[in-house]
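# Tertiary structure, described
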Amino acid sequence: MTTPREQRPAPAPAAVRPPWTDLVLQHGPVRPGWCPECKAETRITTDLLLLAPEGVSHVGTWTWCEVCDDPDHPLPMRRIPRG
């Protein structure tokens, strides 16, 4: 006498990955520069690059000044002289 085969469940569909999981945000070479706020050579600048399967895109530029943008020691408020 033969026994009926066990019914195996259908395999689960492959997980669909969102399209943004293939994107990587990368910075370009870091360049020193002049900060117009604090009038010193304390600024760094870099280009932001988006790496995608379709290619590389320039998405913006990021700048940071070690004096002006320091969260631990912010610059004091400057008074505007009124005539």
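Summary of the structure given here. (Residues numbered from 1 in each chain as written. Predicted model: local features only at pLDDT ≥ 70, side-chain atom pairs only at ≥ 80, totals over all residues. Heavy atoms only, no water.)

## Description of the overall build of the protein chain
- A count of helices and strands for the protein chain gives 0 helices and 4 strands.
- Mapped from its N terminus to its C terminus, the protein chain presents α and β elements in the order β-β-β-β.
- Out of the 83 residues in the protein chain, the part that is buried amounts to 11%.
- Partitioning the contacts of the protein chain with sequence separation of at least 6, the portion at a separation of at least 24 is 27%.
- When the accessible surface of the protein chain is summed, it comes to about 7,900 Å², and 59% of that surface belongs to carbon and sulfur atoms. (Helix = DSSP H or I, 4+ residues; strand = E, 2+ residues; numbered from the N terminus. Buried < 20%, exposed > 50% of the residue type's maximum accessible area, 1.4 Å probe, protein only. Contact = heavy atoms within 4.5 Å. Areas by Shrake-Rupley, 256 points an atom, 1.4 Å probe, with all protein chains shown as cover.)

## So, the environment of Thr63
- Within the secondary structure layout, Thr63 lies in strand β4 (residues 55-65).
- Sequence spacing of Thr63 and Val30 is 33 residues, and the spatial spacing of their C-alpha atoms is 9.5 Å.
- Not counting residues up to four positions away in its chain, the partners in contact with Thr63 are Arg43, Ile44, Thr45 and Asp69.

## What about unusual backbone geometry?
- Of note in the backbone geometry, Lys39 takes a positive phi value of approximately 55° without being a glycine.
- Positionally, Lys39 belongs in the loop between β2 (31-35) and β3 (40-52).

## Here's the deal with the pattern of salt bridges
- Scanning all chains against the criterion turns up 1 salt bridge.
- For the salt bridge of Arg31 with Asp47, the shortest nitrogen-to-oxygen distance reads 3.5 Å. Here the residue Arg31 occupies a position in strand β2, and Asp47 occupies one in strand β3, the gap between them amounting to 16 residues. (Salt bridge = Lys/Arg side-chain N within 4 Å of Asp/Glu carboxyl O.)

None of this, on its own, says anything about what the molecule does.
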